[in-house]
Amino acid sequence: MIASETTPLVHAEAPKKPKTPLPKRQIAILMTLQLAEPIASTSIFPYINQLIRELGITGGDDAAVGYYAGIIESLFFVAQALTVLRWSKLSDRIGRKPVLVIGLSGSCISILCFGLSTTFWSLVISRCMCGFLNGNMGVMKTMMGELTDSTNMAQAFALFPIVWCIGGFVGPLMGGTLARPQDHWPVLFSNPFWGKYPYFLPCAVAACLFGLALFVMSIFLEETLSTKRRPKLTSIILGVSSGESVPQRSVAYTPLQSLLTPTVVIPIANYAMLAFLDVSFRALLPLFLSTPTYLGGLGFAPSSIGSWLALFGIVDGAFQALFFAKVVDRLGPKRLFCMLVSCYALVMVMFPIMSWLVSAREGVDHAITFALLCQLVLIVVWDMAFGTVFMFITASAPTNTVLGAINGLGQTSASMARAFGPALATSLFAASKEHNLLGGNAVFVVLLVLAGTLRWLGSWLPDEIQNRDE
């Protein structure tokens, strides 16, 4: 090209692509389905440690409660890791809705079984059943990817952590409030059934939510898989008139090995490490709050634990709703992700600080409350990393026909990480307290080092989100 006097010295940037309006009704239904998941999964957190003590598994050793609580919390993710990829790949063939029906039905039945469990092994079986039958999260992320494009992806994927946070508010509050109802409302719950199954009520309410979600999905949610959806929805998503014909692409089998490229593997590796660190914190926090003060915990009752976890959830959800999409647009997804994951080190530091304060001040007072609030702020900021990494995983799919498989790979990796996270974190916590490793703080040092690993992994993410739709 030969420059002339009329050739601009600086090339004008390409105009920014206008945002595509979100299909609000479909996304609202999808988020309603997702809301049932965190409510059910987090509702057990306020009382799981007390339940383990009441079952007599530990022989009265409070320091060993963490071992068994971690196992119970991890089993769901172990079972899910073994099956979620198969559910996601199945959804690429038979459609998204049938797989969601199976997942919601399985979750409903398993949470009822959990509430009726009176032995350690019955708890194990119910948690495993829930994980085996549940491929919902991978399928819902796939549906979100099919309902959005690169212009509105940040706005849509911000909803996942928002809904999870709302569930993280309602679930612990529900679990802490409704556990052992015969103690709180003896007139209403005087039947011997509630004495035999003191934790059935929060499980029954969670099961009702799954049933409601299943009803809403069956009637109102449209299929998003291109080869299975109705012409009306296809027209809405693709922006064509009802009179035009929409070409249907055949779904060819794609070998799993062909998807394991750096473009796909790097975002999934970041998601797995993020999930591991997050679930480790989520398992440690209620354990730390319930641990007696003489062991370095705060000695909270289940109702107090539920209230604190609920506060974490509602503040987190409000922050995500107000700021996530704006911050992503301003800073860019990679830069934001690297900044967010750096907060985890400070989250871990807050635990030994609170232990020291309890020991120095001989009880829980306003200083402990202030430290917990500081930790809350850090976790709220950290949680934005999930919406960011979901964007990278969705954008890594070369075509929509393999989007389910890639989300399944991501969910499998995250489930494996979440399977090891609670067991490892709570066991390290118990060992740290029993053997006074690094002053009882060895678990926090280990997680702090792993947070540095995640920061390094984040530096390998692509600088920009790829436009799969272009």
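Our subject is the structure that appears above.
Rules used in this analysis
- All chains use their own residue numbering, which begins from 1 and follows the written sequence.
- Local features in this predicted model are restricted to residues of pLDDT 70 or higher, and side-chain atom pairs are both shown and tallied only at a pLDDT of 80 or more, whereas totals for entire chains, interfaces and linings draw on every residue.
- Excluded from the side-chain calculation are hydrogens and water; included are all heavy atoms of the structure.
- In this text, helices come from DSSP runs of H or I with a minimum length of four residues, and strands from runs of E with a minimum of two, each type numbered from the N-terminal end.
- For every accessible area listed, the method is Shrake-Rupley and the probe measures 1.4 Å; residues are considered covered only by the protein chains on display.
- Convention adopted: a line fitted to C-alpha atoms gives each axis, helices being fitted over their contacting stretch, and angles between N-to-C directions are expressed from 0 to 180 degrees.
- Oblique is the label for every angle not falling under 35 degrees (roughly parallel), over 145 degrees (roughly antiparallel), or within 65 to 115 degrees (roughly perpendicular).
- What makes a crossing left-handed is the near helix being turned counterclockwise from the far one by less than a right angle; a clockwise turn instead makes it right-handed.
- Any two residues whose heavy atoms approach within 4.5 Å at even a single point are treated as in contact.
- Amino acid classes used here: Ala, Val, Leu, Ile, Met, Phe, Trp, Tyr, Cys and Pro are nonpolar; Asp, Glu, Lys and Arg are charged; the rest, including Gly, are polar.
- A helix is expected to span 1.5 Å multiplied by its residue count minus one.
- Throughout, the bend at a residue refers to the angle made by two axes, fitted to the seven residues ending there and to the seven starting there.
- Burial classification: accessible surface area is computed with a 1.4 Å probe over protein chains only, and a residue below 20% of its type maximum counts as buried, one above 50% as exposed, and the rest as partly exposed.
- Counted as a polar contact is a pair of N or O atoms within 3.5 Å, where, for protein atoms, one must be capable of donating a hydrogen and the other of accepting one, and residues adjacent in sequence contribute only when both atoms are in side chains.
- For salt bridges, the criterion is a side-chain nitrogen of Lys or Arg within 4 Å of an Asp or Glu carboxyl oxygen.
- The criterion for a disulfide is a pair of cysteine sulfur atoms lying within 2.5 Å.
- Each aromatic pair joins two rings of Phe, Tyr and Trp (for Trp, the six-membered one) with centres within 6.5 Å, and gets the label stacked for planes under 30 degrees apart, edge-to-face for over 60, and tilted for any other angle.

**Notes on the overall build of the chain**
Move 1: Counting its secondary structure elements, the chain contains 20 helices and zero strands.
Move 2: Accessible surface, the chain: about 20400 Å² in total, of which carbon and sulfur atoms supply 67%.

**As for the packing of helix H13 (residues 262-290) against helix H16 (residues 344-361)**
Move 1: Contact geometry for H13 and H16: axes closest at 12 Å, N-to-C directions at 15°. Overall, the two elements H13 and H16 adopt an arrangement that is roughly parallel. As H13 runs across H16, the sense of the crossing is left-handed. Counting all contacts with H13, which are made through Leu-277, Ser-280, Phe-281, Leu-285 and Phe-288, the residues of H16 involved are Tyr-344, Val-347, Met-348, Phe-351, Met-354 and Ser-355.
Move 2: Grouping the amino acids of the contact of H13 with H16 by side-chain chemistry returns nine nonpolar, two polar and no charged.

**Comments concerning helix H3 (residues 65-94)**
Move 1: End to end, H3 covers 43 Å across 30 residues, agreeing with the expected 44 Å (1.5 Å per residue, within 8%).
Move 2: Remark: the principal bend of H3, roughly 40°, maps to Thr-83.

**Side note on the environment of Gln-411**
Move 1: Summarising the element assignment, Gln-411 is placed in helix H19 (residues 403-435).
Move 2: Residue classification places Gln-411 among the buried positions, given a relative accessible area of 2%.
Move 3: Residue contacts for Gln-411: discarding those within four places in its chain leaves Gln-80, Val-84, Met-137, Gly-138, Lys-141, Tyr-271 and Arg-418.

**Considerations on the environment of Leu-424**
Move 1: Following the sequence through the fold, Leu-424 ends up in helix H19.
Move 2: We classify Leu-424 as partly exposed; its relative accessible area is 39%.
Move 3: With 350 residues separating them along the chain, Leu-424 and Ser-74 place their C-alpha atoms 9.3 Å apart.

**Here's the deal with the side chain of Thr-148**
Move 1: Mapped onto the elements of the fold, Thr-148 is located in the loop between helix H6 (136-147) and helix H7 (153-157).
Move 2: From its side chain, Thr-148 meets the backbone oxygen of Met-144 in a polar contact 2.9 Å long.
Move 3: For Thr-148, the contacting residues outside a window of four places in its chain are Leu-22, Met-153, Ala-156 and Phe-157.

**Brief notes about the pattern of salt bridges**
Move 1: Within the structure shown, the criterion is met by seven salt bridges.
Move 2: Residue Asp-183 is joined to Arg-180 by a salt bridge in which the shortest nitrogen-to-oxygen separation is 2.7 Å.
Move 3: Judged by relative accessible area, Asp-183 falls into the partly exposed class, the value being 47%.
Move 4: Here the residues in one salt-bridge network are Glu-54, Arg-180 and Asp-183, joined through shared partners.

**What about the state of the cysteines?**
Move 1: The full count for this structure, using the stated rule, is zero disulfides.
Move 2: You can see Cys-113 has no disulfide; the closest cysteine sulfur is in Cys-108, sitting 9.7 Å from it.

**Quick look at the packing of aromatic side chains**
Move 1: Inspection of every chain in the model, using the stated rule, returns 19 aromatic pairs.
Move 2: The interplanar angle of 45° and the centroid separation of 6.3 Å between the aromatic rings of Trp-194 and Phe-200 together place this pair among those described as tilted.
Move 3: Judged by its relative accessible area of 16%, Trp-194 is buried.
Move 4: Summarising the aromatic geometry, the rings of Phe-319 and Phe-323 are spaced 5.0 Å apart at their centres and angled 50° between planes, so their arrangement reads as tilted. In this pair, Phe-319 and Phe-323 are both assigned in helix H14 (residues 302-331), four residues apart and thus about one turn of the helix distant.
Move 5: Assessed through its relative accessible area of 26%, Phe-319 is described here as partly exposed.
Move 6: Assessed through its relative accessible area of 39%, Phe-323 is described here as partly exposed.
Move 7: The rings of Trp-185, Phe-189, Phe-193, Trp-194, Tyr-197 and Phe-200 are connected pair by pair, giving a single aromatic cluster.

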